Amino acid sequence: MLNEESIWRITLLTNPDKCNLSCPLCFLRQRNVPFGLGEMPFEIARSAILENEKNLKEIIPSTMGEPLLYSYFDELLELCSEKKIRMNLTTNGSFPNYKSFDKLSFLLENCSDIKISVMGFSENQIQELMPGLSFKEWKSNVETLSRIKNELIKEKKSVSTLSLQVTLNALNLNSIQEIIEFASIHKINRIKWNWPVFLSLCSKDLFLKYGISTEHKAELQNTILKFSQEKSVIVEGSLFFKSSELKSKEACRFKGELWVYPDGSKSNCPNPERRFGNQESKEANCSFCPMK
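Predicted model only: the values in this text are computed from it and were never measured.

Thresholds, definitions, all that
Residues numbered from 1 in each chain as written. Predicted model: local features only at pLDDT ≥ 70, side-chain atom pairs only at ≥ 80, totals over all residues. Heavy atoms only, no water. Helix = DSSP H or I, 4+ residues; strand = E, 2+ residues; numbered from the N terminus. Rg over C-alpha atoms; globule rule 2.2 N^0.38 Å. Buried < 20%, exposed > 50% of the residue type's maximum accessible area, 1.4 Å probe, protein only. Contact = heavy atoms within 4.5 Å. Areas by Shrake-Rupley, 256 points an atom, 1.4 Å probe, with all protein chains shown as cover. Lys, Arg positive; Asp, Glu negative; His and termini not counted. Charge placed at Lys NZ, Arg CZ, Asp CG, Glu CD. Axes fitted to C-alpha atoms, helices over the stretch in contact; angles between N-to-C directions. Parallel < 35°, antiparallel > 145°, perpendicular 65-115°, else oblique. Left-handed = near helix turned anticlockwise from the far one by under 90°. Nonpolar A, V, L, I, M, F, W, Y, C, P; charged D, E, K, R; others polar.

A. Focus on the overall build of the protein chain. The number of helices and strands found in the protein chain is 10 helices and 9 strands. Taken against the 2.2 N^0.38 rule, which gives 19 Å for 292 residues, the C-alpha radius of gyration of the protein chain at 18 Å falls within 12% of a compact globule. Each principal axis of the C-alpha distribution contributes one length, and for the protein chain these read about 50 × 45 × 30 Å. Within the span of the protein chain, comprising 292 residues, buried residues form 50% of the whole. The long-range share in the protein chain, meaning contacts at least 24 apart out of those at least 6 apart in sequence, stands at 74%. Of the roughly 14100 Å² of accessible surface on the protein chain, a fraction of 49% belongs to carbon and sulfur atoms. For the protein chain, the distance from the average position of its 38 positive side-chain charges to the average position of its 36 negative side-chain charges is 4 Å.

Structure follows, in structure tokens:
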């Protein structure tokens, strides 16, 4: 039974199958099957927001696919602005359809946080892990967004925080210091360091190529904390989640959140295995949830 009485944040899976990149660690690429529900009609997005408007603080557009490619993204952002509900945006850094100063300014003024995903930190790594995007383009887009943000702050505008969202993997571990230095130079507010998640349906070769042994988790935490403290960059992300036994939905750190699918169906569970993988596998159980 879904409890929608105190929903404070909604994730709208607006366009899970619509993306301009082909990242191998994407859950839909891992399973080699599209999500298959098409794009979310704007009326479904609008209804989900209006039905929960009383306590709603944030909207997250598509977590699979590139949200800026959603056909009704402009309308969704306008609705958030009108209702004074902040958008929490995660983008792959290509910023399709959002290159102009006016559009990026409006985005910054109506988001709570803009997270720019990055899986590698060199041209070769980006070509392999985020094919369809060049590292030069990614860096230029982040630098432009940061510059506009700082200009708006000088004008005393209320603006979004900027974050880098790093999916740790076997290829980018040697780039940790470079990523932190880049964030510091360009006044990125925080870096979310996420442990790689592999669906039970993905090939073993994928894990062998990009996976990281849990034996290195503490070492990675210490390394990242050391460099981040030196550069005064805030660190967050699943790498730093405290492990806990999740025996019920009541114990879930995501209580009070709602996931709405393109067809209007709903869920209260953030577990990617349950949403994109095999719902019958042990990984779909709360006790094994990688989001805990």
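This is not the end of the story, as more comes after the structure.
B. Region of interest: the environment of Leu69. Within the secondary structure, Leu69 sits in the loop between strand 2 (58-60) and helix 3 (73-83). Sequence spacing of Leu69 and Phe227 is 158 residues, and the spatial spacing of their C-alpha atoms is 35 Å. Discounting residues that sit within four places of it in the chain, Leu69 has contacts with Asn15, Lys18, Cys19, Asn20, Glu39, Pro96 and Asn97.

C. Focus on the packing of helix 7 (residues 176-185) against helix 9 (residues 217-231). With their axes 10 Å apart at the nearest point, helix 7 and helix 9 run at an angle of 30° to one another. The pairing of helix 7 with helix 9 is recorded here as roughly parallel in orientation. For the pair helix 7 and helix 9, the sense of crossing is right-handed. Here Ile176, Gln177, Ile180, Glu181 and Ser184 of helix 7 lie close against helix 9, whose contacting residues are Leu220, Ile224, Phe227, Ser228 and Lys231. Looking at side-chain class alone, the contact of helix 7 with helix 9 contains 5 nonpolar, 3 polar and 2 charged residues.

These results come straight from atomic positions and should not be treated as a statement about function.
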